[in-house]
Amino acid sequence: MLKVCTNASARLQNSQNITEWKYECGNLKFSIEGTVSGTIPQQISFVEIFFNISTIGVFSNDDVCRNPLSELNFDVELEGFRELEDKIDNYFASWHLDKNIKSTQTSYIHPEYHLTFGGNRLEGKGVDNFGSILILSSPRIAYPPMDVILGIDFILQNYFPYEKISKILDESRYKEIVLNSQQRLWKPYYSALSSGGNSLSYTTFKQGFEHFNLNPHISQA
């Protein structure tokens with residue numbers, strides 16, 4: 001996985017286009033073996049995660065706080081398996097990180113970047129697969145933009161126990177790559193958010209309310 005991150009980082013750094021960068025990554029697969037805790041239904045013994053992303057980003061070398069991405073399609077699909085006496089049942093889930101399209105008329109609140117459960121990937125599985133569960137496109141949860149590197153980190157830290165991923169998370173090169181993506185995508189995002197509170201200039205933050213506690217994904221490398 002570190003190799004994937006390194007290759008993605010190198011591709012961005014070596015881009016010949018001085019105004020934008022772009023790529024697609026299809027069906028990057030992660031596997032979780034053994035009993036997975038906290039699942040509904042219970043006794044899921046194996047989970048496969050498929051990550052798909054296509055994005056176009058903007059290089060920014062000036063002091064203007066600008067939107068780091070012009071296009072983003074980001075999907076995380078999960079398929080879990082439960083072994084019964086005479087068969088194996090499979091179950092589905094999907095998360096979609098979207099960028100708001102300004103030209104599209106919307107009926108509900110649409111943060112610029114938003115995370116939703118479901119989406120087209122889940123709809124494609126068909127209604128017969130979900131029993132009594134109700135799946136809506138809302139709420140659209142405001143979430144910072146992600147590229148393939150931050151997407152991989154998102155999957156690792158949300159679906160794999162720390163004891164299984166601590167080695168890669170502690171790898172200095174991995175931390176550097178994640179931090180570079182956060183600087184490129186999250187710095188302008190959070191700077192724009194914080195600009196709404198410029199009248200409140202805090203210099204001291206209560207222990208436990210620091211930025212890395214509010215968003216534990218933020219690298220401290």
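Colleague: Looking at this structure, I do not really get the overall build of the protein chain. What am I missing?
Modeller: In terms of regular secondary structure, the protein chain is built from 6 helices and 6 strands. When the elements of the protein chain are put in sequence order from the N terminus, they spell out α-β-β-β-β-β-α-β-α-α-α-α. Taking all 221 residues of the protein chain together, 37% fall into the buried category. Counting contacts in the protein chain only where the partners sit at least 6 residues apart, residues at least 24 apart contribute 64% of the total. Entry remark: accessible area of the protein chain is about 14,000 Å², with carbon and sulfur atoms responsible for 51%.

Colleague: Looking at this model, I keep getting lost on unusual backbone geometry. Mind explaining?
Modeller: A negative phi angle is the norm for most residues apart from glycine, just as the trans form is the norm for most peptide bonds. A cis geometry characterises the amide bond from Ile 40 onward to Pro 41, with omega recorded as 0 degrees. Looking at the secondary structure, you find Pro 41 in the loop between strand 1 (20-33) and strand 2 (46-58). The backbone of Gln 43 shows a phi angle near 65 degrees, a positive value even though the residue is not glycine. Inspection of the secondary structure assignment puts Gln 43 in the loop between strand 1 and strand 2.

Colleague: How should the pairing of strand 3 (residues 69-83) be read in this particular structure?
Modeller: For a regular strand, side-chain orientation follows a simple rule: the groups alternate between the two sheet faces. Taken together, the 12 bridges between strand 2 and strand 3 define a ladder with antiparallel strand orientation. Bridge assignment links Thr 55 to a residue of strand 3, and that residue is Leu 72. Pairing of strand 3 with strand 4 (residues 88-99) involves 11 bridges; the strand directions are antiparallel. Each bridged residue has a counterpart across the sheet, and for Val 76 the counterpart in strand 4 is Trp 95.

Colleague: Quick question: what am I supposed to make of the pattern of salt bridges here?
Modeller: Oppositely charged side chains can form a pair if their charged atoms are brought close together. Inspection of the entire model under this criterion finds 5 salt bridges. Glu 48 is the salt-bridge partner of Lys 29, the closest N and O atoms lying 3.0 Å from each other. Here Lys 29, found in strand 1, pairs with Glu 48, found in strand 2; they are 19 residues apart in sequence, far enough to count as distant. Under the relative-accessibility criterion, Lys 29 is labelled partly exposed at 44%.

Colleague: Looking at this model, I keep getting lost on the layout of surface pockets. Mind explaining?
Modeller: Of the pockets and cavities examined, the largest pocket occupies roughly 900 Å³. Contributing to the lining of the largest pocket are 32 residues, with Gly 38, Thr 39, Ile 40, Leu 78 and Ala 93 lying nearest its centre. Those elements that place two or more of their residues in the lining of the largest pocket are strand 1, strand 3, strand 4 and helix 3 (148-159). Counting residues per element, the lining of the largest pocket draws most heavily on strand 4, which supplies 4 residues.

Colleague: Would you mind showing me how to read the packing of helix 3 against helix 4 (residues 162-169) here?
Modeller: Helix packing for two helices is described by the angle between their axes and how far apart those axes are. At a minimum axis distance of 9 Å, the contact between helix 3 and helix 4 shows a crossing angle of 145 degrees. Judged by the twist between their axes, the crossing of helix 3 over helix 4 is left-handed. When helix 3 is examined against helix 4, the residues Asp 153, Leu 156 and Gln 157 are found in contact with a partner set consisting of Tyr 162, Ile 165, Ile 168 and Leu 169. Classifying every residue of the contact of helix 3 with helix 4 gives 5 nonpolar, 1 polar and 1 charged.

Colleague: What's the story with the side chain of Thr 116 in this structure? I'm lost.
Modeller: With respect to the helices and strands, the residue Thr 116 is situated in strand 5 (residues 113-117). In this structure Thr 116 comes out as buried when scored by relative accessible area, which is 8%. With residues near it in sequence (within four places) discarded, Thr 116 still touches Ser 94, Trp 95, His 96, Ser 137, Pro 139 and Arg 140.

What counts and how
Throughout, a residue's number is its position along its own chain's written sequence, starting from 1. With the structure being a predicted model, the display of local features is reserved for residues of pLDDT at least 70 and the display and counting of side-chain atom pairs for 80 or more, all residues being used for whole-chain, interface and lining totals. Based on all heavy atoms of the structure, the side-chain values leave hydrogens and waters out of the count. Numbering of helices and strands starts at the N terminus; helices are DSSP runs of H or I of at least 4 residues and strands are runs of E of at least 2. Exposure categories follow from relative accessible area, calculated using a 1.4 Å probe and restricted to protein chains: below 20% of the type maximum is buried, above 50% is exposed, and the middle band is partly exposed. The contact criterion used is simple: two residues touch if any of their non-hydrogen atoms lie within 4.5 Å. Residue exposure ignores everything except the shown protein chains as possible cover, and the areas themselves are Shrake-Rupley values with a 1.4 Å probe. Pairing between two strands is assigned when DSSP locates at least 2 bridges connecting them. Within this document, salt bridges are pairs made up of a side-chain nitrogen of Lys or Arg and a carboxyl oxygen of Asp or Glu, the two lying within 4 Å of each other. The definitions used throughout rest on a 1 Å grid laid over the protein atoms alone, on which a cavity is an enclosed set of points accommodating a 1.4 Å probe that cannot get out and a pocket is an open set flanked by protein within 12 Å on both sides along at least five of seven lines; lining residues are those having an atom within 4 Å of a point. Grid points are joined across faces, edges and corners, and a volume is the space filled by probe spheres set on the points. For helices, the fitted axis covers only the stretch in contact; all axes are lines through C-alpha atoms, and the angles between them, taken along N-to-C directions, range from 0 to 180 degrees. For any pair of crossing helices, the crossing counts as left-handed if the nearer helix is rotated counterclockwise from the farther one by less than a right angle, and right-handed if it is rotated clockwise. Under the grouping applied here, Gly and all other residues not named as nonpolar or charged are polar, the nonpolar ones being Ala, Val, Leu, Ile, Met, Phe, Trp, Tyr, Cys and Pro and the charged ones Asp, Glu, Lys and Arg.

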